[in-house]
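# Structural features, examined
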Amino acid sequence: MPITIDQIERASSRIRGSVLRTPIVRLNTDTDMEIYLKLENLQPTGSFKVRGASNAIALAGPEVKSRGVYTCSAGNMAQALAWQAKQNGISCSAIVPDNAPETKLRAIKRFGATIIQVSFDEVWKVVTTHRYGPLEGSIFIHPFSDPRMIAGNGTIGLEILEDIPDVDSVVVPFGGGGLTAGIATAIHERKPTTKVYAVEPETAAPLAASFSSGRAMEVKRIPSFVDGIGGKSVLPEMWDMVRPLIQGSIVCSLSEIACAVRLLVERNRVVAEGAGAASVAAALTGKAGKRKVVCVVSGGNIDTAKLSEILSGDVS
């Protein structure tokens, strides 16, 4: 079921004090475009996921302490859930792909979670089935298709409108759709004239394919440094949720996203992972409009070696 603005507002009150109300700053560019950055990379675990994870843990019920929690994630959701579980004395397990960045794996371990590494296809099976047999005694918190997660994510939309009430458009990185659905719901309810766009990498753009075909689609996914977004498919429930709320998906090349990573470092001293910089890459194309555009910098958990390569001009 679609979430409501009431759920988002209650999530905002519930997580206040446990997560950062991130700032919005203007992107320093040589263009005439008015682009702003919603810096979710500044959250305690380096990504927006702490919002949904904090809301989900708060709503999980008393049995969560005895049963523990688990999720599946390329890294950011695992970090966020592990961080929040540690704060509350709850055991946590994370099912992650075997090519997850070492930076994210170290962080998950630092927060005390148990890591289970499997192939990306096996991770995606957990995503689509909402279950993992060996951990069925624990409470599964889906990384994006969970109303508690989506409501927590939607608090970003409320903050954007509070800080820039005359925003014309918002660009949101699209992985599974929970971030897009939450922000778009908040903005649609509070300021329906503001347009919301998703952004995906050219190596995995199932949402763009879904808009082209009019139904939830699966695509061939090519792994890249943009590991926080770009899945194999759009889950039908997420397609039904985001389709009426957004204008479409802007597809960016790896080169465009790498340039955005460099631009953020050089001009604003902001470190963003590929997914986080993708929104900036999309805004710079002009396809999200050329007036007041807010880019959600969803995370900053990028391997230092990969960041070094990108800053030196290498993309892979």
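Notes on the structure follow.

Across its full length, the protein holds 13 helices and 10 strands. At 18 Å, the protein has a C-alpha radius of gyration in line with the 20 Å of a compact globule built from 316 residues. By the burial criterion, 60% of the 316 residues in the protein qualify as buried. By sequence separation, contacts in the protein at least 24 residues apart represent 73% of the contacts at least 6 residues apart. Both charge centroids of the protein, one from 34 positive and one from 31 negative side chains, sit 2 Å from each other.

With that settled, consider the nonpolar core. Ranked by internal contacts, the top residues of the largest apolar core, which has 50 residues, are Ile-95, Ile-160, Val-170, Ile-183, Leu-207 and Met-238. Not counting chain neighbours up to four residues away, the residues in contact with Leu-207 comprise Phe-174, Ala-198, Glu-200, Val-234, Trp-239, Val-242, Ile-246 and Ser-249. Grouped together as the second largest cluster of nonpolar side chains are 37 residues, Ala-258, Leu-263, Ala-281 and Val-297 included.

A few words on the side chain of Asn-153. Note that Asn-153 resides in helix 7 (residues 147-163). Residue Asn-153 is classed as buried on the basis of its relative accessible area of 1%. Filtering out sequence-adjacent residues up to four positions away, Asn-153 remains in contact with Phe-48, Arg-51, Gly-52, Gly-178, Leu-179, Gly-182 and Ile-183.

Next up on the list: the pairing of strand 8 (residues 195-201). Most of strand 8 is tucked away: six of the seven residues are buried. By the bridge criterion, five bridges tie strand 7 (residues 169-173) to strand 8 in an arrangement that is parallel. Note on strand 8: the bridge partner recorded for Pro-173 is Val-199. Crossover strand 7 to strand 8 through helix 8 (residues 178-190) is right-handed. Two strands pair when backbone bridges link them, and strand 8 and strand 9 (residues 248-252) are joined in this way by five bridges, in the parallel orientation.

Our focus in this paragraph is the sheet that holds strand 6 (residues 139-140). Here we have four strands laid out as an open sheet, ordered 5-4-3-6, and parallel in their pairing. If you trace the sheet from one side to the other, it starts and ends with strand 5 (114-118) and strand 6, each paired once. Bridge count between strand 3 (residues 69-72) and strand 4 (residues 92-97): four bridges; the pairing is parallel. Residue pairing in the sheet places Thr-71 in a bridge with Ala-94 of strand 4. Lying on the sheet, helix 4 (residues 76-87) is in contact with strand 3 and strand 4; it crosses strand 3 at an angle near 165°. Along the sheet, helix 5 (residues 102-110) makes contact with strand 4 and strand 5, crossing strand 5 at roughly 145°.

All told, the structure shown has three aromatic pairs when counted by the stated rule. When the centroid spacing of 5.0 Å and the interplanar angle of 40° are considered together, the rings of Tyr-70 and Phe-140 count as tilted. Highlighted residues: Tyr-70 in strand 3 and Phe-140 in strand 6, separated in sequence by 70 residues. Side by side, Tyr-70 and Phe-140 carry an identical accessibility label, which is buried. A ring pair is formed by Phe-211 and Trp-239, whose centres lie 5.0 Å apart and whose planes are at 80°; its orientation type is edge-to-face. Of this pair, Phe-211 sits in helix 9 (residues 206-213) while Trp-239 sits in helix 10 (residues 236-242), and the two are 28 residues apart along the sequence. Over the ring of Phe-111 we find Arg-110; its NZ or CZ atom is 5.2 Å from the centre of that ring. Over the face of the ring belonging to Phe-120 we find Arg-221, whose NZ or CZ atom lies 3.8 Å from the ring centre.

Mapping Gly-231 onto the fold places it in the loop between helix 9 and helix 10. As a C-alpha pair, Gly-231 and Ile-15 span 216 residues in sequence and 28 Å in three-dimensional space.

About the thresholds
Residues numbered from 1 in each chain as written. Predicted model: local features only at pLDDT ≥ 70, side-chain atom pairs only at ≥ 80, totals over all residues. Heavy atoms only, no water. Helix = DSSP H or I, 4+ residues; strand = E, 2+ residues; numbered from the N terminus. Rg over C-alpha atoms; globule rule 2.2 N^0.38 Å. Buried < 20%, exposed > 50% of the residue type's maximum accessible area, 1.4 Å probe, protein only. Contact = heavy atoms within 4.5 Å. Lys, Arg positive; Asp, Glu negative; His and termini not counted. Charge placed at Lys NZ, Arg CZ, Asp CG, Glu CD. Core = buried A, V, L, I, M, F, W, Y, C linked by side-chain atoms within 4.5 Å. Pairing = 2+ DSSP bridges. Right-handed = clockwise from strand over helix to strand, strands pointing away. Axes fitted to C-alpha atoms, helices over the stretch in contact; angles between N-to-C directions. Phe/Tyr/Trp six-rings, centres within 6.5 Å; stacked < 30°, edge-to-face > 60°. Lys NZ or Arg CZ within 6 Å of the ring centre and 35° of its normal.

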